[in-house]
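Structural overview
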Amino acid sequence: MKHSRDKRRDNRPHHAKGGAEPARSRPGVAARPEAQQQRHETKPDDRSEPKSTPRILSRRAGALPAERLPLILEVAPNADYALLDSGGGQKLEQYGPYRIVRPEGQAIWQKALPAKDWERADAVFTGDTDEEGIGRWRFPRTPLGETWPMKHDGIDYLGRFTSFRHVGVFPEQASHWDHMAGLIAKAKRPVKVLNLFGYTGLASLVAARAGAEVTHVDASKKAIGWARENQEMAGLGNKPIRWIVDDAVKFAEREERRGSRYDIVLFDPPAYGRGPKGEVWQLFEDLPGLTDLCRAILTPKPLAVVLTAYSIRASFFAIHALMRDTFAGMGGTVESGELIIREKSAGRALSTSLFSRWVA
């Protein structure tokens, strides 16, 4: 499934022709079923497996989980990343050694820093060409390469100037990563994590460093290659991470059939997507089935399921109610709200996404 990460992350227009982001799996839509591990992964054989059929859903019996909302998870400026300023439909960010300017549709206020601070940017996304990669970036000071070394909480990884505005990490997710690492550490037992729509792997690396056995699934072979590069850069090559190129729901359905189970499931599906045969994914129509499937592949003593929803026209109350209904009878708590990044210049909060997570 190929879909625009811009639509998922920033409420922006569709990507330019020839500059699509790496495809990621779209639940219920067939992706070319390739698979990779650290060494080798047998490719799934679509000819011998049942075709996906709509999942039959019914409201579950049992008490609803406790609830906590609204919960605002905030990322403050730090040595690895900072939102320096925003306004006028743009944001000025510090990624390691570089200042980067990118569009930001939600920044409808005025910039707080003077123009001279914005003019010191090392890279500016322009979107004014049909070229791939760094052809869509302008470098006002010194021409930069496509990649550069970055860090998150001591984990080394590669930043990359892509043709679809993004640089390979979504800093607002750090709140989820820290929470997950804490759950893994407190479990004091082997923990299995499934990261659906895993992209470039920061969540998977955080989980593996915390001691979990991780399965990372993404429909983009390019994204998986980048994630594997990040694993080597982070010095975590000996950690048990399976890198799988596959459609997210097809993989999860296969895991359900063969009895594979996970203690933590992360899923970050697109708002909209189209498959290779013209199949259409609509978040509001297809998310209930995917959420139910995530419950079905949990271990008897699970820890958490985390859903992130970008660029949808809904309140977090919608996904909150879905998660509570889905996890009825399992106890625990459903926590829902927004992920935000706190601006360094004027202290404003830039909202990036909605989330809902069930915690045992």
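So, here is what we can say about the structure in this document. (Residues numbered from 1 in each chain as written. Predicted model: local features only at pLDDT ≥ 70, side-chain atom pairs only at ≥ 80, totals over all residues. Heavy atoms only, no water.)

With that settled, the discussion passes to the overall build of the protein. The number of helices and strands found in the protein is 8 helices and 17 strands. Burial analysis of the protein (360 residues in total) assigns 54% to the buried set. Contacts spanning at least 24 positions in sequence make up 68% of the contacts within the protein whose residues lie at least 6 apart. Taken as a whole, the protein presents about 15500 Å² of accessible surface, with 51% of it coming from carbon and sulfur. (Helix = DSSP H or I, 4+ residues; strand = E, 2+ residues; numbered from the N terminus. Buried < 20%, exposed > 50% of the residue type's maximum accessible area, 1.4 Å probe, protein only. Contact = heavy atoms within 4.5 Å. Areas by Shrake-Rupley, 256 points an atom, 1.4 Å probe, with all protein chains shown as cover.)

Another point: the packing of aromatic side chains. This model, assessed by the stated rule, comprises 10 aromatic pairs. Judged by centre distance (4.8 Å) and plane angle (20°), the ring pair of Phe-316 and Phe-317 falls under stacked. Of the residues examined, Phe-316 reaches a relative accessible area of 10% and is grouped as buried. The interplanar angle of 5° and the centroid separation of 5.0 Å between the aromatic rings of Phe-327 and Trp-358 together place this pair among those described as stacked. Of the two residues, Phe-327 sits in the loop between helix 8 (316-326) and strand 16 (333-342) while Trp-358 sits in strand 17 (residues 349-359), which places them 31 residues apart along the sequence. For the residue pair Phe-327 and Trp-358, the accessibility class agrees, reading buried in each case. Positioned above the aromatic ring of Trp-118, the side-chain terminus of Lys-111 is 4.0 Å from the ring centre. Between the NZ or CZ atom of Arg-160 and the centre of the ring of Trp-226, over which it lies, the distance is 4.5 Å. (Phe/Tyr/Trp six-rings, centres within 6.5 Å; stacked < 30°, edge-to-face > 60°. Lys NZ or Arg CZ within 6 Å of the ring centre and 35° of its normal.)

So, about the sheet that holds strand 1 (residues 66-75). Pairing is mixed across the open sheet formed by 8 strands, whose spatial order is 1-16-17-15-12-9-10-11. At either margin of the open sheet sits one strand with a lone partner, and together these are strand 1 and strand 11 (241-245). Across the sheet, the mean angle separating the axes of adjacent strands is 15° when strand polarity is ignored. In this sheet, strand 12 (residues 264-267) lies alongside strand 9 (residues 192-196) in parallel orientation, the contact comprising 4 bridges. Among the inter-strand pairings, Leu-194 is bridged to a residue of strand 12, identified as Val-265. (Pairing = 2+ DSSP bridges. Axes fitted to C-alpha atoms, helices over the stretch in contact; angles between N-to-C directions.)

Applying the stated criterion across every chain, the model contains 22 salt bridges. A salt bridge links Arg-55 to Asp-292; its shortest N-O distance comes to 2.7 Å. Residue Arg-55 is found in the loop between helix 1 (5-9) and strand 1, and its partner Asp-292 is found in helix 7 (residues 283-296); the two are separated by 237 residues along the sequence. A residue is classified by how much of its surface remains accessible, and Asp-292, at 11% relative accessible area, is buried. (Salt bridge = Lys/Arg side-chain N within 4 Å of Asp/Glu carboxyl O.)

Turning our attention to the side chain of His-152. Within the element layout of this structure, His-152 appears in strand 7 (residues 147-152). Residues within four places of His-152 in sequence aside, it is in contact with Asp-80, Tyr-157, Ala-174, Trp-177, Leu-202 and Val-206.

This part covers empty space enclosed by the protein. Applying the stated criterion across every chain yields a total of 3 cavities of 30 Å³ or more. Computed from the structure, the largest cavity encloses a volume of approximately 300 Å³. For the largest cavity, the lining is made up of 23 residues, of which Gln-173, Trp-177, Asn-195, Ala-203 and Asp-268 are closest to its centre. Of all elements in the fold, only helix 3 (174-187), strand 9, helix 4 (202-209), strand 12 and strand 15 (304-309) reach the threshold of two or more residues within the lining of the largest cavity. With 3 residues, the single largest contributor to the lining of the largest cavity is helix 3. Class assignment for the residues of the lining of the largest cavity results in 12 nonpolar, 8 polar and 3 charged. (1 Å grid on protein atoms, 1.4 Å probe; cavity = no way out; pocket = protein on both sides within 12 Å on 5 of 7 lines; lining within 4 Å. Points joined across faces, edges and corners; volume = space filled by probe spheres on them. Nonpolar A, V, L, I, M, F, W, Y, C, P; charged D, E, K, R; others polar.)

Among the 5 residues that make up strand 9, 4 are buried, leaving the element largely enclosed by the rest of the structure. Both strand 9 and strand 10 (residues 213-218) contribute to a ladder of 5 bridges, which runs parallel. Residue pairing across strands places Leu-194 opposite Thr-215, the latter belonging to strand 10. Following the backbone out of strand 9, through helix 4 and into the adjacent parallel strand 10, one traces a crossover that is right-handed. (Right-handed = clockwise from strand over helix to strand, strands pointing away.)

Of all hydrophobic cores here, the largest spans 47 residues; its most connected members are Val-193 and Ile-264. If sequence neighbours within four positions are ignored, Val-193 has contacts with Met-180, Ile-184, Ala-207, Ala-212, Glu-213, Val-214, Thr-215, Tyr-262 and Ile-264. Counting 32 residues, the second-largest nonpolar core is a separate cluster that includes Ile-244, Leu-290, Leu-307 and Phe-316. (Core = buried A, V, L, I, M, F, W, Y, C linked by side-chain atoms within 4.5 Å.)

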